[in-house]
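Understanding the architecture of this molecule
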Amino acid sequence: MSFVADLYRGGPNAGMTEFQEKQRLQHETSMHSELEKLLTTAKSPEVEISRKDFEGFKKLFHRFLQEKGPSIDWAKIQRPPEDSIQPYEKIKLKGLPADVASSLNKLAVVKLNGGLGTSMGCKGPKSLISVRNENTFLDLTVQQIEHLNKKYNADVPLVLMNSFNTDEDTKKILQKYTHLRVTIHTFNQSRYPRINKESLLPVATNMGLEGENAEAWYPPGHGDIYTSFYNSGVLDKLIAEGKEYIFVSNIDNLGATVDLNILNHLVSQPSGKRCEFVMEVTDKTRADVKGGTLTQYDGKLRLLEIAQVPKAHVDEFKSVTKFKIFNTNNLWISLPAIKRLHEQNAMDMEIIVNPKTLDGGLNVIQLETAVGAAMKSFDNVLGINVPRSRFLPVKTTSDLLLVMSNLYSMDTGSLTMSPKREFPTTPHVKLGSSFTKVRDFLKRFESIPDMLELDHLTVSGDVTFGKQVTLKGTVIIIANHGDRIDIPAGAMLENKIVSGNLRILDH
């Protein structure tokens, strides 16, 4: 059995035999010498950045070799104490101070902008996909913050954490915002080498990103924010400007806007009792069973992700009755606390081992961390149970259909569910593979249907929608292989199943 298989097999406290310890040292030494070789191929301005990246990678790799098996003992998991997760309504009761600007001036907004639009068939950064009236995720974010700054005469900067995949394209686009009332900073996530699963060595042959090396590198998950933010100098710059908190969220979560009630709750506490880390959680639905949740563990509130759960307990983890809430990845974090924990090397995050297969069939592993996992390293940690409307991620074209529809109205970059919808929940939409790519998706709708009274929509096969179609209740449309269904303009489908072949010819 290989050393790697051994690593995955061991229990949480399995001690290493002398032979395994020797193997571990060997792997670590080999990895270090390979990294040194790679650095010799870097161009001069990159050498220092890459060296810093590799320092972070070495720490992660060292821990990966040391730690065995799942990182948690299931028996020690407890429900969080009542007061550790506050309902949003209670936070809101405080009301807002007369001087909202002074709270806003202590805030910076950080958007995680490292992802590509590949899952939706787009090239380049996901944040540059149009989601509503020709506005991209990035446009909407900038509009929201500009609106806040103008309305309250404040200065909330936007900070984008890019990756080597998104940095260049994002920076080109930023030119168009120069005349707006938003200061934009960017910094880059680290760039780590993918590891050959068998040899435990980097697959890269040099520091380049072209040709066979294009697949050799990866950005190591959003947990890298703490190190790369610190290394970039942007963290110190913001602290020097009097910023005390960052609001961090995924750029594709259209519900993650600056919430003045949460901000006020943070800055109005006495300085000794200030929360250093707030995680917004929301009630689980059947669609969210894989989302990370909050637990009490070793006397601390901490994030529990599905990847950490022993196989025997996965169903229990997914249960909506035992774990009622999940992490939205909307986080409010103290800047001085990030600086302190980074300088003390006290940021503790579980390693996520992400197996991948490259185009040529090679099996590799990526070592990653999640931003929320550092929660247990901070003092005075709090969960706030927020309305579902603060979690509106657009991961697929099914999500895109919802946010483009009349379910939402848009104002100054923020989407709000239409008051005409009787249920506060969004419809469940499942579009088939013919709709996966944004380009194909757009071709199949002459206009986005009226979905105000829709509960459930499933579409499969070669289906197109004419103008001004209305969908209500549960609608299922299935075109069998080789068939095509055209939903005619002005059609109203309520609680209908449409299948077979339906072509409406123009006369």
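Residues numbered from 1 in each chain as written. Predicted model: local features only at pLDDT ≥ 70, side-chain atom pairs only at ≥ 80, totals over all residues. Heavy atoms only, no water.

**Considering the overall build of the protein**
Rules: Only runs of H or I of at least four residues qualify as helices and only runs of E of at least two qualify as strands under DSSP, and these elements are numbered from the N terminus. Within these notes, the globule rule equals 2.2 Å times the number of residues to the 0.38 power, and the radius of gyration is based on C-alpha atoms. Buried, partly exposed and exposed residues are distinguished by accessible area as a fraction of the type maximum, computed with a 1.4 Å probe on protein chains only: under 20%, between the cut-offs, and over 50%, respectively. Contacts were defined at the residue level, with two residues in contact if any of their heavy atoms lie within 4.5 Å. Residue-level accessible areas treat just the shown protein chains as cover; the underlying method is Shrake-Rupley with a 1.4 Å probe. Counted as positive: Lys and Arg. Counted as negative: Asp and Glu. His and the chain ends are not counted at all. Charge positions are represented by NZ for Lys, CZ for Arg, CG for Asp and CD for Glu.
Secondary structure assignment for the protein yields 14 helices and 25 strands. The C-alpha radius of gyration computed for the protein amounts to 24 Å, which stays within 12% of the reference 23 Å derived for 507 residues, consistent with globular compactness. For the C-alpha atoms alone, the extent of the protein along its principal axes is close to 80 × 60 × 50 Å. The buried share of the protein, taken over its 507 residues, is 51%. Restricting the contact set of the protein to residue pairs at least 6 apart, pairs at least 24 apart contribute 71%. Roughly 23,900 Å² of accessible area belongs to the protein as shown, and the carbon and sulfur atoms make up 51% of that amount. Side chains of the protein carry 62 positive and 60 negative charges; the gap between the two charge centres is 2 Å.

**Structural notes on the pattern of salt bridges**
Opposite charge on two side chains permits pairing when their charged atoms draw close. Short version of the rule: Each reported salt bridge corresponds to a side-chain nitrogen of Lys or Arg within 4 Å of a carboxyl oxygen of Asp or Glu.
The final tally for this structure, using the stated rule, is 24 salt bridges. Close ionic contact of Glu34 with Lys37 constitutes a salt bridge, the shortest N to O distance being 3.1 Å. Of this pair, Glu34 and Lys37 are both found in helix α2 (residues 18-39), three residues apart, which corresponds to roughly one turn of the helix. Note on Glu34: relative accessible area 23%, which makes it partly exposed. Residues joined by salt bridges that share partners form a network here, namely Arg302, Asp348, Glu350 and Lys376.

**Comments concerning the sheet that holds strand β16 (residues 363-368)**
Strand pairing in a sheet takes place through backbone hydrogen bonds and is either antiparallel or parallel in direction. Convention followed: Any two strands between which DSSP finds at least two bridges are classified as paired.
Taken in spatial order, the three strands line up as β8-β16-β15 in an open sheet, and their pairing is antiparallel. Edge positions in the sheet fall to β8 (195-196) and β15 (352-357), since each of these pairs with one other strand and no more. Strand direction decides the pairing type here: β8 and β16, joined by two bridges, are antiparallel. Looking across to β16, one finds that Ile195 is bridged to Ile365.

**Focus: the environment of Asn188**
You can see Asn188 is positioned in strand β6 (residues 184-188). Look at Asn188 and you get partly exposed, because its relative accessible area is 32%. Sequence separation between Asn188 and Asn113 is 75 residues; the distance between their C-alpha atoms is 9.4 Å. Not counting chain neighbours up to four residues away, the residues in contact with Asn188 comprise Asn162, Ser163, Phe164, Asp167 and Ser228.

**Considering a positive patch on the surface**
Basically, it comes down to this: To count toward a patch, a residue needs a relative accessible area above 30% and no salt bridge. Like charges then connect within 9 Å, nonpolar side chains (Val, Leu, Ile, Met, Phe, Trp, Tyr) within 5 Å.
A surface patch of positive charge is lined by Lys123, Lys437, Arg439 and Lys443. When you line up the elements, Lys123 lands in the loop between β2 (107-113) and β3 (130-132).

**Re the confidence of the model for the protein**
Selection rule: The pLDDT score gives, residue by residue, the confidence of the prediction method on a 0 to 100 scale.
Looking at the protein, pLDDT values average 90 and 95% of them are 70 or higher. Contacts for the low-pLDDT stretch residues 8-13, under 50 throughout, to residues beyond four places or in other chains number twelve contacts.

**Side note on the environment of Gly223**
Along the chain, Gly223 falls in the loop between β9 (217-218) and α8 (225-232). Classification of Gly223 by relative accessible area gives buried; the value is 2%. Taking the C-alpha atoms as reference points, Gly223 and Asp155, separated by 68 residues in sequence, lie 27 Å from one another. Aside from chain neighbours lying at most four places away, what touches Gly223 is Met349, Thr369, Ala370 and Val371.

**Section: unusual backbone geometry**
The residue Asn380 is not glycine, and still its phi comes out positive at about 50 degrees. Assignment of secondary structure puts Asn380 in the loop between β16 and β17 (381-385). With a relative accessible area of 38%, Asn380 lands in the partly exposed category.

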